[in-house]
Amino acid sequence: MRLESLRTILTLAAIRALDIIQFDITSAYLHGTLKEEVYMEQPEGYVAPGKKNWVGHLKKGLYRLVQARRTWNEELNARMESEGITAAAKDPAIYVNNSWASDDFAQQDARSMTASR
Amino acid sequence: MHHHAPTRARDEQASCTSARAQEDIDEDEEDEDANNGSDEDADSPARLIHDVPRYPSKSTRSGLIRNEGGAGNGAMLILDEATHPPIAFSAGLPGCIQLSKLPDPRSVREAMASPDTDGWKDAMDQKKANLKSHDVYELVSRMNGMRTLKLSWVFHQKFKNGVFEKNLSRLVARGNRQRPGID
């Protein structure tokens, strides 16, 4: 997220006396479903007994996997859109809940929701 | 105008001087503080202890401050036990303030050789369970010409407000060894 976006959101929240909730999505990359066919060796210390030569068919992202970041973002984006929450044009790290927000931002019940990463 | 200009100039000069004077005072105060710090020895609630046990450290990948000095260069700040929680010397015990710490192990082998083998084992078991619950991978038998990603375990001691919280581990892909279009 751009720093300007964060400032804007904090400012809006302050003006409207909205609550700000901060949260972290744990093991975010493990939520993204891979589209590519990727195989991995078995994790050190956890090789399945009697299956030494087997490999892992990787279905979700792992940290440092090149495509994990994109995969995770696609997952998040799809989930958000299914809830009617869309990425802002000027900063895709900002998601706006269209059912809450009104066209006129000056209206009292305008709210916005963000997710970063 | 002519009459006022010099006055203003003098005022500016005066304020400049006073600002500089203020700075000098601040500096003096800082110097004094520094002296006080080094003068306190026996009565000081905090003292430096050297010769903290040390095991290999090199990587700075996780961005943590590490002890890169030679053997026995580790320094640890010990606070007065009456007013502060006990200090964890080694891998850290929950609820202990630890201002300096052993470096995170860089491999499974290092983790298993560290003073907190069990802690790291638990961390790995937890991560493995986490991978399983997210259905991250499925075992298949290896086929000819199959390219497999290399993995590595990353270990990390988590602190919260300077207090050791837990050991964390994470299974990462050696993404740097992926090749575009192949993996």
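Structure's up top.
Treat the numbers as computed from the prediction; the structure is a model and nothing was measured.

A. Structural context of the overall build of chain A. In terms of regular secondary structure, chain A is built from 2 helices and 5 strands. Tracing chain A from N to C terminus, the helices and strands come up as α-β-β-α-β-β-β. The buried share of chain A, taken over its 117 residues, is 17%. Taking all contacts inside chain A whose residues are at least 6 apart in sequence as the whole, residues at least 24 apart take part in 48%.

B. Looking closely at the pairing of strand 5 (residues 151-160) of chain B. All names here are of chain B. The pairing of strand 5 with strand 6 (residues 163-173) spans 10 bridges and is antiparallel. When the bridges of strand 6 are listed, Phe155 appears paired with Ser169. What sits between strand 5 and strand 6 in their antiparallel hairpin is a turn of 2 residues, with Asn161 showing a positive phi close to 50 degrees.

C. Spatial organisation of the nonpolar core. Within the largest apolar cluster, 23 residues are counted, with the highest numbers of intra-cluster contacts made by Met40(A), Leu58(A), Leu62(A) and Ala173(B). Elements that contribute at least two residues to this core include exactly strand 1 (33-40), strand 2 (54-60) and helix 2 (68-82) of chain A together with helix 3 (117-133), strand 5 and strand 6 of chain B. Ignoring anything within four residues of it in the chain, the contact list for Leu62(A) reads Tyr29(A), Ala68(A), Leu171(B), Val172(B) and Ala173(B).

D. Expanded view of the sheet that holds strand 3 (residues 137-141) of chain B. Across the sheet, 4 strands lie side by side as 3(B)-2(A)-1(A)-4(B); this open sheet has mixed pairing. Both edges of this open sheet fall to strand 3 and strand 4 (148-149) of chain B, since each of them pairs with a single strand only. Pairing geometry for strand 1 of chain A and strand 2 of chain A, over 4 bridges, is antiparallel. In the strand pairing of strand 2 of chain A, Thr33(A) is matched with Lys60(A).

E. Unusual backbone geometry, seen in detail. Here the phi dihedral of Ser27(A) falls at roughly 35 degrees; this positive angle occurs in a residue that is not glycine. Within the secondary structure layout, Ser27(A) lies in the loop between helix 1 (3-16) and strand 1. One non-glycine residue, Asp135(B), adopts positive backbone phi at about 55 degrees. Locating Asp135(B) in the fold gives a position in the loop between helix 3 and strand 3.

F. Structural context of the interface of chain A and chain B. Each partner contributes residues to the interface: chain A has 26 residues there, and chain B has 29 residues. With 7 residues, strand 2 of chain A is the largest single contributor of residues to the side of chain A that touches chain B. For the side of chain A that touches chain B, a count of residues per class yields 14 nonpolar, 6 polar and 6 charged.

What counts, and where the lines are drawn
Residues numbered from 1 in each chain as written. Chains lettered and ligands numbered in written order. Predicted model: local features only at pLDDT ≥ 70, side-chain atom pairs only at ≥ 80, totals over all residues. Helix = DSSP H or I, 4+ residues; strand = E, 2+ residues; numbered from the N terminus. Buried ≥ 20, exposed ≤ 12 C-beta atoms within 10 Å, placed from the backbone. Contact = placed C-beta atoms within 7 Å. Pairing = 2+ DSSP bridges. Core = buried A, V, L, I, M, F, W, Y, C linked by C-beta atoms within 7 Å. Nonpolar A, V, L, I, M, F, W, Y, C, P; charged D, E, K, R; others polar.

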